[in-house]
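# Coordinate inspection notes
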Amino acid sequence: MRQVQRSSLITQVTAQLRDEITSQRWPVGTRIPTEPELCEITGTGRNTVREAVQALVHAGMVERRQGSGTFVMTCSDLGGTLGKYFSDARHRDVTELRETLEVTAAALAADRRDDEDIRVMLGALEDRNTAWSNETPLTDAVRIDARLHRTIVAASHNAIYLEFYDSLLPVIHEAMRDHFLDHDDDYVAEHTALVDAVIDGDAARATDAARSLFHELSEPPARAAEFPADTAEFTE
C-alpha cells in the first residue's frame, strides 16, 4: 500500500468541501466552518484545510472576508468562472442584464412559487425593509437587499437562472452599493409591491413591478445618501 501523498489529500479535502457547496448544505451567502472546525470535520491538518479552501477561492466558489470568515459565493465552478468574468463589467451593463433576468424570473416565480418560497420571500422582505429603515451599515444593507432579489429568482424554480444569478452576486452588490450612495430612497414600497405580486400569483403584476423597480434604479441621482460608516470589507 502506497502512502497517501499530501497533494492527493488536499485534492480529497477540496472535493469534500466542494461537495458541501454543490449539494447546497452550505448555501450561497453563508459562512463556511472555521479552519479548526474544518480540520475536525475532515480529520486533516490546518495546512491541508487551508490549501483546500484556497483552491475553492481560486475557483471563485468561496471568498475570504477579513475579520468575518469565508463565505460561499456560488454553488459551482462555472459560477465562479462567470463571476470572475463579470467582475470587470460596467455597472450599467450588469443592471441591464439583471433587469432582463429578474423581470422574467418574477413572472415565473408568480406562477411557480410554493409555500416555502413564500415564507422565505416574506422573511427576506422584512429583513430588507428593516435594514433600509434602520441605521444599518451600507455593506450589510446591500447584502440583505440582494438576498431578497435572489429569493425571487429562486422561486422561479429555474436552476439555470439561479446559477447565473449567483455568478453575478459580487458585481450586483457593487452596483447596488454605488447606486444607493447616489440616491436617497429606500424603495420599500417598490420591493413590497414586487413580493406581493409574486405571492398573489399575478405574473403580469409581478412583471410590471419588477420592471418598474429597475426603472427607478436607473434614474439619475438626486443627491448623495448618508449611511453609517462601513468597517467591514465590502463584497458578498
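As the structure is a prediction and not an experimental result, all values here were calculated from the model.

Moving on to unusual backbone geometry. We note that H157 has phi near 55 degrees; this positive angle belongs to a residue other than glycine. Assessed through its relative accessible area of 45%, H157 is described here as partly exposed. In this model, Y187 sits at a positive phi of 55 degrees, which is unusual for a non-glycine residue. Relative to the helices and strands, Y187 is located in the loop between α8 (159-182) and α9 (188-199).

Here we come to the confidence of the model for the protein chain. The predicted model of the protein chain averages 81 in pLDDT, with 81% of residues at 70 or higher. Mean pLDDT across the elements of the protein chain ranges from a minimum in helix α4 (residues 77-86), with 54, to a maximum in α9, with 95. Every residue in residues 222-227 is under pLDDT 50, and counting partners more than four places away or in other chains gives 15 contacts.

This part is about α9. Given a rise of 1.5 Å per residue, 12 residues ought to cover 16 Å, and the 17 Å separating the end C-alpha atoms of α9 matches this to within 8%. Along α9, the positions that sit buried rather than exposed are H191, L194, V195, A197, V198 and I199. Phi turns positive one or two residues past the end of α9, at G201, with a value near 75 degrees.

Below, the discussion takes up the packing of aromatic side chains. The way to describe two aromatic rings as a pair is by their centre distance and the angle between their planes. Tallying each qualifying case throughout the model produces zero aromatic pairs. If you follow R65 out to its NZ or CZ, it ends over the ring of F71, 4.0 Å from the centre.

A separate point is the packing of helix α7 (residues 138-155) against α9. One way to put it is that α7 packs onto α9 with a least axis distance of 11 Å and a crossing angle of 20 degrees. In terms of orientation, α7 and α9 fall into the roughly parallel class. Pair α7 / α9 crosses with left-handed handedness. Listed contacts from α9 to D145, L148, H149 and I152 of α7 are H191, L194, V195 and V198. Across the contact of α7 with α9, the residue classes tally to five nonpolar, two polar and one charged.

Once that is clear, we can look at the pattern of salt bridges. One pass over the structure, following the stated rule, counts 11 salt bridges. Notably, a salt bridge pairs E102 with R98, separated by 2.8 Å at the nearest N-O pair. Taken together, the positions of E102 and R98, both in helix α5 (residues 91-112) and four residues apart, correspond to about one turn of that helix. Among the ionic pairs, D145 bridges to R128, the shortest N-O distance being 3.0 Å. A residue pair is termed long-range when its members are at least 10 positions apart, and D145 in helix α7 and R128 in helix α6 (residues 115-133) qualify at 17 residues. For the pair D145 and R128, one class covers both residues: buried. One continuous salt-bridge network, built from bridges that share partners, spans D19, E20 and R25.

On to the pairing of strand β2 (residues 69-72), then. Here four bridges tie strand β1 (residues 62-65) to β2, and the two strands are oriented antiparallel to one another. Counterpart to R64 in the pairing with β2 is T70. Taken together, β1 and the strand that follows it, β2, pair antiparallel across an intervening segment of three residues, in which G67 is found at a positive phi of about 80 degrees.

Let's shift gears to the nonpolar core. Formed by 57 residues in total, the largest nonpolar core has its most connected members in L17, I21, I152 and L194. No other element matches the nine residues that α7 contributes to this core. Setting aside residues up to four positions removed in sequence, L17 forms contacts with W26, L38, T42, A52, V53 and L56.

For the rest of this paragraph, the subject is the packing of α6 against α7. Their axes nearest at 9 Å, the elements α6 and α7 cross at an angle of 160 degrees. The angle between α6 and α7 places the two elements in the roughly antiparallel class. When you trace α6 past α7, the crossing you get is left-handed. Residue-level inspection shows D117, V120, M121, A124, L125, D127, R128, A131 and W132 of α6 in contact with α7, the latter providing L138, A141, V142, I144, D145, L148, T151, I152 and A155. Grouping the amino acids of the contact of α6 with α7 by side-chain chemistry returns 13 nonpolar, one polar and four charged.

What counts, and where the lines are drawn
Every chain's residues receive numbers from 1 upward, in the order its sequence appears when written. It should be noted that, the model being predicted, local features are given only for residues of pLDDT at least 70 and side-chain atom pairs only at 80 or more, the latter also being counted only at that level, while totals for whole chains, interfaces and linings use all residues. No hydrogens and no water enter the side-chain calculation; it runs on all heavy atoms of the structure. Between buried and exposed lies partly exposed: a residue is buried under 20% and exposed over 50% of the maximum accessible area for its type, with that area taken using a 1.4 Å probe on protein chains only. Under the DSSP-based scheme used, a helix requires at least four consecutive residues in state H or I and a strand at least two consecutive residues in state E, with every element numbered from the N terminus. Summary of the metric used: pLDDT quantifies the predictor's per-residue confidence within the range 0 to 100. Residues are treated as being in contact if the distance between any of their heavy atoms lies within 4.5 Å. To estimate how far a helix should reach, multiply one less than its number of residues by 1.5 Å. Centres within 6.5 Å make a pair out of two Phe, Tyr or Trp rings, where for Trp the six-membered ring is used; the pair is then stacked when the planes are under 30 degrees apart, edge-to-face when over 60, and tilted otherwise. Throughout this description, the term charge over a ring refers to an Arg CZ or Lys NZ atom that lies within 6 Å of the ring centre and within 35 degrees of the ring normal. In this description, a line fitted to the C-alpha atoms serves as the axis of each element, helices being fitted only across the stretch in contact, and the angle between N-to-C directions of two axes falls anywhere from 0 to 180 degrees. Reported orientations rely on four angle classes, namely roughly parallel under 35 degrees, roughly antiparallel over 145, roughly perpendicular from 65 to 115, and oblique for the rest. Here a crossing is taken to be left-handed if its near helix is turned anticlockwise relative to the far helix by less than a right angle, and right-handed if that turn runs clockwise. In the scheme used here, Gly and all other residues not listed as nonpolar or charged are polar, with Ala, Val, Leu, Ile, Met, Phe, Trp, Tyr, Cys and Pro taken as nonpolar and Asp, Glu, Lys and Arg as charged. Think of a salt bridge as a Lys or Arg side-chain nitrogen and an Asp or Glu carboxyl oxygen that are within 4 Å of each other. Each pair of strands is called paired provided DSSP finds at least two bridges between the two strands. Nonpolar cores were defined as sets of buried Ala, Val, Leu, Ile, Met, Phe, Trp, Tyr and Cys residues, with membership established by side-chain atoms within 4.5 Å.

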